[in-house]
Amino acid sequence: MKTIFKNLWEYKIMVLGIIFLLVIQAFCDLSLPQYTSDIVDIGIQQSGIEYAVMEEMSADTYQGMASMLLAYGGQEEQELFTGSYQQTEAGSYVLKDKSRTVMEQLDGLMVSFMQKMYQGLGVGAQGAEPGDNPAGTAGGGAAEGWNEALMRQQLIQAVKSEYQGLGWDMGRYQMNYLLKTGTKMLGITLVMMAAAILAGLLASYAAAGVGRNLRSRIFKKVISFSQGEMDQFSTASLITRSTNDVQQIQMVSVMLLRMVLYAPILGIGGVAKVLTTRTGMGWVIALAVGTISVLVVAVMAVAMPKFKKMQKLVDRLNLVSREILTGIPVIRAFSREKHEEGRFAEANRNLMKTQLFTNRVMAIMMPAMMLIMNGITVLIVWVGAHGIELGSLQVGDMMAFITYTMQIVMSFLMITMISVMLPRAGVAANRIQEVLDVDPKIQDPRRAEDEKLSDCRGVLEFQDVCFRYPGADEDALEHISFTAQPGKTTAIIGSTGCGKSTLLHLIPRFYDVTSGSITLDGIDIRMLSQKKLREQLGFVPQKAVLFSGNIASNVKFAGEGISDERMQEAAQIAQAMEFISQKEDGFLDAIAQGGTNVSGGQKQRLSIARAIAKHPRIFLFDDSFSALDYKTDALLRQELHRRLSDAAILIVAQRISTILHADQILVLEEGRIVGMGTHRQLLESCETYQEIAKSQLSEAELSGSSREHMDSEDGGADHE
């Protein structure tokens, strides 16, 4: 969860705006039930009469009220009353000021007056004796036999009768109140809708920004990984973390900003409103909240482990799917379709079972929540009906209390719904953080010595280099020392698994040496920035990699500013023009993802052309000629020697015919150099090289006594 909040903090101004809008939305939402209550209690039951104060009264009523106020109230109350009215030309008396403040002040005066009057008369409600206690109060006095609600209702009935006596159209008066209140409700609803829409828009924007930033950070982090870090995560897992996991966080971020922030605002506001209703049913809220809390805790205890397991199962499904899709030719060749269908079905079934379990939990929770809500509603109606019967509660107040209670329960329901999704989002956030927290072992030096390599010559030297893979018990390379000179070819040959590719991967710092050093023009490559180092290198991997686009985009992938002439020259050297010229669109011919629409040899030649177009100082060919026929191999090597004579070339090869003319051949065995020299020298001095040569070359080639003889026999070797 820390990851989610950390990423949301980047949008703190927007989050503050969302909170402000949610407060407005909650205020409007909490205001509507009171207006509904007013429509029922005032608009319908009281004919639109809001206060127990007469806006207009006859002279007789005015005189009688003034006298009674003086008798049962006092001089101060009488003066307040008489000072609030003025006589009209028709002889009636009307209020001077009809503002809410004055009306509420006079309303309180009239209720107080009624209470004092009944105290003086010594009677209870509707003439009952005080001991009858119709309001259900605990006391036994006359004043205690009356509650404020009953007194106000009787005063309002008196106001209504006075208006009718004065000839007022009470139907129109009532309709005016209903229209005024309804208009206010409509305005509040429109404001609430606008706030909700704007808050949702901002929340979606912030969540989308969080998703975009996370994907960008994951991508940048993965791009910075060395091969060692890449080995920690499977490709399928990295894809899942960059897509599915980020999507989970993005979805939960929207809910956090819209629901989780809104729920406490609505819940606290609902509790405050409930306390102002003075219904005496606060215990119902406590009961509802307690019941929901027990349900949520039970659901979380059961569902949490499954949510943690779900993302791993998604990883597994992606891994199996990717293996099957990339290995379809092999699967078909060995008729293993049924076996792979079984693997996929198992991974798919395990994920389905977990998802079904969590969905069932949700399916159980929602009816349970609705049962609690409906049960609370019935309980409120049951208790409220007794209050209405006793006169201590009005119908509208009970309706408002039910609405407020449902809002409080709904706020807990929102939190419950999000709490079900949070564990899965938390797992996704942790998985993303695992990637972001990995510090690449291959780092640029604090003070790079790039300026020393302003004019690179291309002298590459290995000085007693040892390398061990992370977690391995033994070194993969031991005490490797040699120098690759510009204008010369250094070849590396040996049995499978002897460390040829590993040695080549140390040069661009895919891995760093365990001990010893590799220098470029006398500068330790670890003291150069990775960008500067790799600018000097043209790397062709063992497995040719092409990107979706066209031939031109793949060759020009080597760097910015590669001209068409340079691209064509590179293609000619790589012997790729032969098949490019046969394409209908030439260099603009489409290349599918992974280069699936070209052959293996064509992929290798395009990869070689890409490296040549860069014009590097050092070429690294990692068994990059294996898919070429002997004729193309020979022609390509000739062009490399003729047109790239100023660059250092390192070739990892399996075929001796590829490296016959190398200026220096390194023979590796179990990570050690067991032979170094030219082809002829190694035939005479290196037993391992002799064994490789005997397995690949003819007797005529082996018996050659001079370099010139070897050159003349090169065509025969290629032909074979």
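About the criteria used
- Residues numbered from 1 in each chain as written.
- Predicted model: local features only at pLDDT ≥ 70, side-chain atom pairs only at ≥ 80, totals over all residues.
- Heavy atoms only, no water.
- Helix = DSSP H or I, 4+ residues; strand = E, 2+ residues; numbered from the N terminus.
- Rg over C-alpha atoms; globule rule 2.2 N^0.38 Å.
- Buried < 20%, exposed > 50% of the residue type's maximum accessible area, 1.4 Å probe, protein only.
- Contact = heavy atoms within 4.5 Å.
- Areas by Shrake-Rupley, 256 points an atom, 1.4 Å probe, with all protein chains shown as cover.
- Pairing = 2+ DSSP bridges.
- Patch = residues over 30% accessible without salt bridge, like charges linked within 9 Å, V, L, I, M, F, W, Y side chains within 5 Å.
- Salt bridge = Lys/Arg side-chain N within 4 Å of Asp/Glu carboxyl O.
- Core = buried A, V, L, I, M, F, W, Y, C linked by side-chain atoms within 4.5 Å.
- Phe/Tyr/Trp six-rings, centres within 6.5 Å; stacked < 30°, edge-to-face > 60°.
- Lys NZ or Arg CZ within 6 Å of the ring centre and 35° of its normal.
- pLDDT = per-residue confidence, 0-100.
- Lys, Arg positive; Asp, Glu negative; His and termini not counted.
- Charge placed at Lys NZ, Arg CZ, Asp CG, Glu CD.
- Polar contact = N/O pair within 3.5 Å; in protein donor to acceptor, adjacent residues only side chain to side chain.
- Axes fitted to C-alpha atoms, helices over the stretch in contact; angles between N-to-C directions.
- Parallel < 35°, antiparallel > 145°, perpendicular 65-115°, else oblique.
- Nonpolar A, V, L, I, M, F, W, Y, C, P; charged D, E, K, R; others polar.

Helix and strand counts for the protein stand at 26 helices and 15 strands. Relative to its length of 720 residues, the protein is extended, with a C-alpha radius of gyration of 44 Å against a globular reference of 27 Å. Counting over 720 residues, the protein shows a buried share of 47%. Considering only contacts in the protein between residues 6 or more positions apart, those separated by 24 or more positions represent 76%. For the protein, the accessible surface area stands at approximately 35,500 Å², while carbon and sulfur atoms represent 56% of it.

In a beta sheet, neighbouring strands pair by backbone hydrogen bonds and run either parallel or antiparallel. Overall, antiparallel pairing links the four strands, which are arranged S5-S4-S7-S8 in an open sheet. Each edge of the sheet is formed by a strand with only one pairing partner; in this case those strands are strand S5 (477-484) and strand S8 (523-524).

With that settled, consider a nonpolar patch on the surface. A contiguous nonpolar patch, built from Leu 186, Leu 190, Met 193 and Ile 197 and spanning about 410 Å² of accessible area, is present on the exposed surface. Within the secondary structure layout, Leu 190 lies in helix H7 (residues 170-224).

Next up on the list: the nonpolar core. Among the nonpolar cores identified, the biggest contains 75 residues, and Ile 4, Ile 249 and Ile 380 are the most heavily contacted of them. Mapped by element, the contributors of at least two residues to this core are helix H1 (2-8), helix H2 (12-45), H7, helix H9 (235-260), helix H10 (262-277), helix H11 (282-326), helix H13 (337-390) and helix H14 (395-437). With 17 residues, H14 is the largest single contributor of residues to this core. With sequence-adjacent residues up to four places away left out, Ile 380 is seen in contact with Met 281, Val 284, Ala 385, Met 398, Phe 401, Ile 402 and Thr 405.

Let's shift gears to the packing of aromatic side chains. Taken as a whole, this structure holds 15 aromatic pairs when the rule is applied. Geometrically, the ring pair formed by Phe 619 and Phe 621 is stacked, given 5.7 Å between the ring centres and 0° between the ring planes. The buried category is assigned to Phe 621, whose relative accessible area is 0%. One aromatic cluster is present, built from ring pairs that chain together Tyr 62, Phe 81, Tyr 85 and Tyr 93. In this structure, Arg 655 packs its charged tip against the face of Tyr 630, placed 4.7 Å from the ring centre.

Across the sheet, three strands lie side by side as S1-S3-S2; this open sheet has antiparallel pairing. Only two strands of the sheet have a single neighbouring strand rather than two, namely strand S1 (56-57) and strand S2 (85-87). Direction of pairing for S2 relative to strand S3 (residues 93-95): antiparallel, over a ladder of three bridges. The residue of S3 that forms the bridge with Gln 86 is Val 94.

Here we come to the environment of Pro 470. The residue Pro 470 is located in the loop between strand S4 (460-467) and S5 in this model. On the accessibility criterion, Pro 470 (53% relative accessible area) is exposed. Sequence spacing of Pro 470 and Thr 514 is 44 residues, and the spatial spacing of their C-alpha atoms is 9.8 Å.

Once that is clear, we can look at unusual backbone geometry. Of all residues except glycine, most have a negative phi; of all peptide bonds, most are trans. Even without glycine at this site, His 479 takes up a positive phi of about 50°. Along the polypeptide, His 479 turns up in strand S5. Judged by its relative accessible area of 44%, His 479 is partly exposed. A positive phi angle, close to 55°, is found at His 615, a residue other than glycine.

What follows covers the confidence of the model for the protein. Residues with a pLDDT of 70 or more make up 91% of the protein, whose mean pLDDT is 83. When the criterion is pLDDT under 50, residues 705-720 qualifies, and its contacts beyond four places in sequence or with other chains add up to 27 contacts.

Two strands pair when backbone bridges link them, and strand S14 (residues 664-669) and strand S15 (residues 672-677) are joined in this way by five bridges, in the antiparallel orientation. Bridge pairing in S15 links Leu 666 to Met 676. Following S14, the chain reverses through two residues before pairing antiparallel with S15; Glu 670 in that reversal takes a positive phi of roughly 55°.

For the rest of this paragraph, the subject is the environment of Gly 282. As for its position among the elements, Gly 282 is in helix H11. Under the relative-accessibility criterion, Gly 282 is labelled partly exposed at 39%. Distance from Gly 282 to Ser 112, taken between C-alpha atoms, is 27 Å for residues 170 residues apart in sequence.

Together, Asp 473, Glu 474, Glu 669, Glu 670, Glu 687 and Glu 691 make up a negatively charged patch on the protein surface. On the secondary structure map, Glu 669 appears in strand S14.

Here we take up the pattern of salt bridges. Applying the stated criterion to the full structure yields 24 salt bridges. Across the pair Arg 152 and Asp 107 runs a salt bridge, and its minimum N-O distance is 2.5 Å. Of this pair, Arg 152 sits in helix H6 (residues 148-165) while Asp 107 sits in helix H5 (residues 100-121); the two residues are 45 residues apart in sequence, bridging distant segments of the chain. Residue Asp 107 is classed as buried on the basis of its relative accessible area, which comes to 6%. Note that Arg 655 is salt-bridged to Asp 633, the shortest N-O span being 2.7 Å. Pair noted here: Arg 655 is in the loop between strand S13 (648-652) and S14 and Asp 633 is in helix H21 (residues 630-643), with a separation of 22 residues, a long-range link. Its relative accessible area of 0% is what places Asp 633 among the buried residues. Here the salt bridges share partners, and the residues they tie into one network are Glu 569, Glu 639, Arg 642 and Arg 643.

Glancing now at the side chain of Ser 411. Residue placement: Ser 411 occurs in helix H14. Here Ile 408 takes part through its backbone oxygen, which lies 2.4 Å from a polar atom of the side chain of Ser 411.

Attention now goes to the packing of helix H18 (residues 564-573) against H21. Packing of H18 against H21 leaves a shortest axis separation of 9 Å and a crossing angle of 130°. Relative to H21, H18 is oriented oblique. Touching Glu 569, Gln 572 and Ile 573 of H18 are Leu 636, Glu 639, Leu 640 and Arg 643, all from H21. In the contact of H18 with H21, the residues fall into three nonpolar, one polar and three charged.

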